[in-house]
Amino acid sequence: MKFRGLIFANLFRKKVRFLLTIGSFAVALLLFTFLAVVKSAFSRGTEIAGADRLIVVSRIGLMQLMPISYRDKILAIPGVKAVTHNHWFGGVYQDEKNFFPQFVIDPEYQRRVMTELVVPDDQWNNFLKDRQGAIAGARTAERFHWKIGDRIPIKTTLYGGSSWQFNLDGIYHSERAGGDESQFWLQWKYFDENAPDAVKSTAGWYVVKLDSPDDAVRVAKAIDEKFANSSFETKTETESAFAAYFVKQFGNIELLILTIGSVVFFTLLLVTGNTMAISVRERTSELAVLKAIGFSGRAVLFFVLAESVIIALLGGFLGLVLAYLAIPVIGLALTGLLPPLILSKSLLTLGLGFALFVGGVSGLLPGIGAMRLRVVNALRRV
Amino acid sequence: MVQVDGHGATASLIQVRGLDKKYKRGSEEIHVLQGLNLDVDQGEFVAFMGPSGSGKTTLLNLLGGLDVPSAGSIVVSGDEITHMSRGKLTEWRARHVGFIFQMYNLIPVLTAYQNVELPLLLTKLSGAERRKHVETALGLVGLADRMRHYPRQLSGGQEQRVAIARAVVSDPTFLLCDEPTGDLDRKSADEIMALIERLVREYRKTVLMVTHDPVVAQRADTTLHLEKGALVEAGQRRRVPAGGVA
Ligand SMILES: Nc1ncnc2c1ncn2[C@@H]1O[C@H](COP(=O)(O)OP(=O)(O)OP(=O)(O)O)[C@@H](O)[C@H]1O
Ligand SMILES: [Mg+2]
């Protein structure tokens, strides 16, 4: 492009300003990407929830237990393929800050319901034979440098303050990108034997695998009807509805992130728009000369736009590189507090698109001003 | 022949007839040019003089297609430019007009070479052809060794010579100079004028120049005075008395 020289000469006209503008793009993009990653981490549960799974909880509340006998009753309902049940164990490993979710599971059906969480067969068989066995998600195992065969003490806070001992028999991986690999599974039988009387023979919630996602509404209704008017009524929802409800427990994260994101967006737009406006205004007479020489209004608009878009792309790219480097580190620091932070390709593309958009818009107004500039007036002002 | 009575030959390069320019400033209307006539032939060198505010710059802007008149016509080598669309006029300027301003108006972030190359970027010339033209133009103004210099690294006279190279590099039909020596000392002014004169005498360029300086005007074939919105002939070349030097 023969106009390259002109465009780049103008870009570097004020080097400090050029670097500062690129810097504001980079910082904004870093923040933008971080917010987007956090948002997607929270909504991921909803997105990757199995469409063919239902969650059955007590009508009274999430922490209310239900009789274990419900398992077989639910299994008998047509359209149900498998049922597993869980308890929230809520223990502490070494220190409060080492949080990870521990679930009491039903070994018989767990793998058939949570099909995407994969444990190698030999590990699973060892687990079945071992009353004190446990399976850990790959992320948690990695976090504490656990190896198979390790003995893991977990202090419970809900079930009589003592320390429970587990043997790590296996490690599960999620087949779905972004799946939860932080859980820790222990056997219901072991739990039931050692739990206080009030907790014996109960389940915290049931997870139901359906023959087909089309049955979701019908089966959910059938389950709730079956236990209606009993002392333990149920509330059955699809897994995604449940996940969405669960995220809401954190407060309206989406709104918060959207608000911060919009502030970042408009700040960046104002900053770069203002910078471009100043940079165009201070060379009004030069633009007038270009037009006198025979450059069209559209050419001048193009020069201004090209400049702001190049700045946006450079700054945006820098911000994304920073995000790419920083997010894994931040994610590690926040393990346990937040779901895993994943910087996907589509997010990177979105970020670059965002930068491009801001660059274009902020160059547009000054560019149109330059395009409409009347040569005679502009030269007279010199 | 330069004529101001509106009876020039139809073959003249520039033909201005009944040119009117009014400016509105609030409710007040200023009638700057009033039925101005002008004929200029190819290869002529015309100087315009007149008191400040008499409309000299206004006239050059109209001749250069930077502004549109309130009435009247301007025909340049057969093209009536007063009714051209803005886009057409821009293209016409690129092909036919070379501008030289009092303040040189070079682009400060471009080198002398890049400044001179600007008008050629609007043509279909290849990079190599552009280089040849730019080098020729800079050689013509005697700055072949200053190609990589930025305007701030040049003296005022050198800057104006770069500006002249930029004005002639695309070989326009005519040159418009608005006080080309207005910001220069006598010596630099003389060099610039010698250069412009050479463009006329050797290269048969047509030059229309505004100046306040009688010595500068003396270089032209014809000096015209702008009085009450019209041009009057002031004198032929060499007829300004030597004592008139400021
Ligand atoms: N855009 C404009 N709006 C209003 N009035 C204008 C405009 N441009 C020029 N004028 C007026 O028109 C008159 C002629 O201006 P012009 O610049 O052509 O004069 P000039 O002969 O070039 O003066 P100088 O020798 O000072 O350069 C002046 O009175 C000026 O104030
Ligand atoms: Mg003037």
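All residue numbers here refer to positions counted from 1 along the written sequence of the relevant chain. Numbering of ligands from 1 and lettering of chains from A proceed in the order in which they are written. pLDDT decides what is reported in this predicted model: residues at 70 or higher carry local features, side-chain atom pairs at 80 or more are listed and counted, and totals for whole chains, interfaces and linings draw on all residues regardless. Excluding hydrogens and water, the side-chain figures rest on all heavy atoms present in the structure.

Novice: Would you explain the overall build of chain A in this entry?
Specialist: The way it works is that DSSP assigns letters per residue, a run of H or I at least four long becomes a helix, a run of E at least two long becomes a strand, and they are numbered from the N terminus. When its secondary structure is counted, chain A shows 14 helices and 13 strands. Note that the radius of gyration is over C-alpha atoms, with the globule rule given as 2.2 Å times the number of residues to the power 0.38. Relative to its length of 382 residues, chain A is extended, with a C-alpha radius of gyration of 29 Å against a globular reference of 21 Å. For chain A, the spread of C-alpha atoms along the principal axes amounts to about 95 × 45 × 35 Å. Excluding contacts between residues fewer than 6 apart, the proportion of contacts in chain A whose partners are at least 24 apart in sequence is 80%. Throughout, a contact is declared for two residues whenever any of their heavy atoms are within 4.5 Å.

Novice: Please clarify how the domain arrangement of chain A should be interpreted in this entry.
Specialist: Residues and elements named next belong to chain A. Here the limits of each domain have been adopted from an automatic or database domain assignment. Domain annotation for chain A reports domain 1 (3-45 + 252-379) and domain 2 (65-231). Taken together, the seven residues of domain 1 in the interface contact five residues of domain 2. Joining two parts hides part of their accessible area as seen by a 1.4 Å probe, and the buried area is that hidden amount summed over both. Together domain 1 and domain 2 conceal approximately 520 Å² of surface at their shared face, both sides included; 56% is due to carbon and sulfur atoms. For this analysis, a salt bridge means a side-chain nitrogen from Lys or Arg found within 4 Å of a carboxyl oxygen belonging to Asp or Glu. Joining domain 1 to domain 2, the criterion identifies zero salt bridges.

Novice: I tried to follow the site of ligand 1 on my own but got confused; where do I start?
Specialist: Any residue with a heavy atom lying within 4 Å of a molecule or strand is counted as near it. Ligand 1 sits among 15 residues. The nearest are R25(B), S52(B), K56(B), T57(B) and T58(B). Around ligand 1 the close residues trace back to chains A and B. Here a polar contact is recorded for every N or O atom pair within 3.5 Å, except that within protein the pair must consist of a potential hydrogen donor and a potential acceptor, and residues adjacent in sequence are included only if both atoms are side-chain atoms. Within the backbone of G53(B), an N or O atom sits 2.9 Å from an oxygen atom of ligand 1. In the model, an oxygen atom of ligand 1 is placed 2.5 Å from a nitrogen or oxygen of the T58(B) side chain. Relative to its free-state accessible area of 630 Å², ligand 1 is covered by the protein chains to the extent of 76%. Counting residues per element, the ones that place at least two in the shell around ligand 1 are α14 (375-380) of chain A together with β1 (14-25) and α1 (56-63) of chain B. For the accessible areas, the method is Shrake-Rupley and the probe is 1.4 Å, while residue cover comes only from the protein chains on display.

Novice: In this structure, what is going on with the pattern of salt bridges? I would like to understand it.
Specialist: Should their charged atoms come close, side chains of opposite charge can pair. Summed over the entire model, instances satisfying the criterion amount to 32 salt bridges over all chains. It is possible to trace a salt-bridge network through shared partners that takes in R186(B), D190(B), E197(B), R201(B), D213(B), R219(B) and D221(B).

Novice: Any chance you could explain the sheet that holds β1(B) here in plain terms?
Specialist: Think of a sheet as strands paired side by side through backbone hydrogen bonds, with each pair either parallel or antiparallel. Residues and elements named next belong to chain B. Between any two strands, pairing holds if DSSP finds at least two bridges. Strand order across the open sheet formed by four strands is β2-β1-β4-β5, with antiparallel pairing between neighbours. The outermost strands of the open sheet, each flanked by one partner alone, are β2 (28-40) and β5 (79-80). Across five bridges, β1 lies against strand β4 (residues 71-76) in antiparallel orientation. Directly across from D20, in β4, lies its bridge partner A71. To define axes, lines are fitted to C-alpha atoms, for helices over the stretch in contact only, and angles between the resulting N-to-C directions are given on a 0 to 180 degree scale. Lying on the sheet, α1 is in contact with β1, β2 and β4; it crosses β1 at an angle near 120°.

Novice: Whenever I open this one, the side chain of E117(B) confuses me. Can you help?
Specialist: All names here are of chain B. As for its placement among the helices and strands, E117 is situated in helix α3 (residues 112-117). Exposure categories follow from relative accessible area, calculated using a 1.4 Å probe and restricted to protein chains: below 20% of the type maximum is buried, above 50% is exposed, and the middle band is partly exposed. Here E117 falls in the buried class, since its relative accessible area comes to 14%. When neighbours within four sequence positions are excluded, E117 is seen to be in contact with R130 and V134.

Novice: Where do I start with the interface of chain B and chain A in this structure?
Specialist: By a frequent convention, interface size equals the accessible area lost on bringing the separate parts together. The interface is formed by 26 residues belonging to chain B together with 24 residues belonging to chain A. Across the interface of chain B and chain A, roughly 2100 Å² is buried in total on both sides, 65% from carbon and sulfur atoms. Linking chain B with chain A are one salt bridge. Note that R374(A) and D67(B) form a salt bridge whose closest N and O atoms lie 3.6 Å from each other. For the interface between chain B and chain A, the tally reads four residue pairs in polar contact (both at pLDDT 80 or more). For the side of chain B that touches chain A, the secondary-structure elements that each account for two or more residues are α1 and α2 (86-96) of chain B.

Novice: What am I meant to see in empty space enclosed by the protein here?
Specialist: A probe matching the size of a water molecule, rolled over the atoms, marks out where space remains unfilled. With a 1 Å grid laid over protein atoms only, a set of points is called a cavity when a 1.4 Å probe fits there but cannot get out and a pocket when it is open yet has protein on both sides within 12 Å along at least five of seven lines; lining residues have an atom within 4 Å of a point. Grid points are joined across faces, edges and corners, and a volume is the space filled by probe spheres set on the points. If you walk through the whole model with that rule in mind, you get three cavities of 30 Å³ or more. Reported here for the largest cavity is a volume of approximately 110 Å³. If you go around the largest cavity, the residues you meet are V289(A), A292(A), I293(A), A94(B), V97(B), G98(B), F99(B), F101(B), P119(B), R166(B), A167(B) and S170(B). Breaking the lining of the largest cavity down by element, the ones donating at least two residues are α11 (284-293) of chain A together with β6 (97-100) and α5 (156-168) of chain B. Residues that form the lining of the largest cavity fall into these classes: nine nonpolar, two polar and one charged. The volume enclosed by the second largest cavity comes to roughly 90 Å³. Around the second largest cavity, the lining comprises 13 residues; the ones closest to its centre are L11(A), R17(A), S279(A), E307(A) and I311(A). If you list the elements that add at least two residues to the lining of the second largest cavity, you get α1 (4-11), α2 (15-48), α10 (253-281) and α12 (297-333) of chain A. Each residue is assigned to one class: nonpolar for Ala, Val, Leu, Ile, Met, Phe, Trp, Tyr, Cys and Pro, charged for Asp, Glu, Lys and Arg, and polar for all the others, Gly among them. Taken together, the residues of the lining of the second largest cavity sort by class into four nonpolar, four polar and five charged.

Novice: Honestly, the nonpolar core in this entry has me stumped. Any pointers?
Specialist: A general trend in soluble globular proteins is that nonpolar side chains are found buried together. Only buried Ala, Val, Leu, Ile, Met, Phe, Trp, Tyr and Cys residues count toward a nonpolar core, and they belong to the same one when joined by side-chain atoms within 4.5 Å. Counting 63 residues, the largest nonpolar core has L38(B), F48(B) and L208(B) as its most contacted members. Per-element tally for this core: the top contributor is α11(A), with six residues. Sequence-distant contacts of F48(B), that is, excluding residues within four places in its chain, are made with L38(B), K56(B), L59(B), L60(B), L208(B), M209(B), V210(B), T211(B), L224(B) and L231(B). In terms of nonpolar packing, the next biggest core, distinct from the first, is built from 40 residues, Y104(B), I164(B), V200(B) and A217(B) among them.

Novice: Please explain the confidence of the model for chain B as it appears in this structure.
Specialist: Note that predicted coordinates carrying low pLDDT should not be read in detail. Residues and elements named next belong to chain B. The predictor attaches a confidence to each residue, called pLDDT, with possible values from 0 through 100. Across chain B, the average pLDDT comes to 92, with 95% of residues at or above 70. Scored below 50 in pLDDT, residues 237-246 makes 12 contacts in the model with residues more than four places away or belonging to other chains. Note on the complex model: pTM 0.78, ipTM 0.92.

Novice: What is the right way to read the packing of aromatic side chains from this model?
Specialist: Residues and elements named next belong to chain A. Note on aromatic contacts: the rings of Phe and Tyr and the six-membered ring of Trp form a pair at centre separations within 6.5 Å, being stacked when their planes are under 30 degrees apart, edge-to-face when over 60 apart, and tilted otherwise. Inspection of every chain in the model, using the stated rule, returns 34 aromatic pairs over all chains. Ring centres 5.7 Å apart and planes at 50° place the aromatic pair F265 and F354 in the tilted group. Remark: F354 occurs in helix α13 (residues 345-372) and F265 occurs in helix α10; sequence separation between them is 89 residues. One exposure class covers both F265 and F354, and it is buried.

Novice: What's the story with the layout of surface pockets in this structure? I'm lost.
Specialist: Counted as a void, the second largest pocket has a volume near 680 Å³. S296(A), R86(B), G87(B), T90(B) and R93(B) are, among the 27 residues lining the second largest pocket, the residues nearest its centre. Counting residues per element, the ones that place at least two in the lining of the second largest pocket are α12 and α13 of chain A together with α2 of chain B. For the lining of the second largest pocket, the class distribution of residues is 10 nonpolar, eight polar and nine charged.

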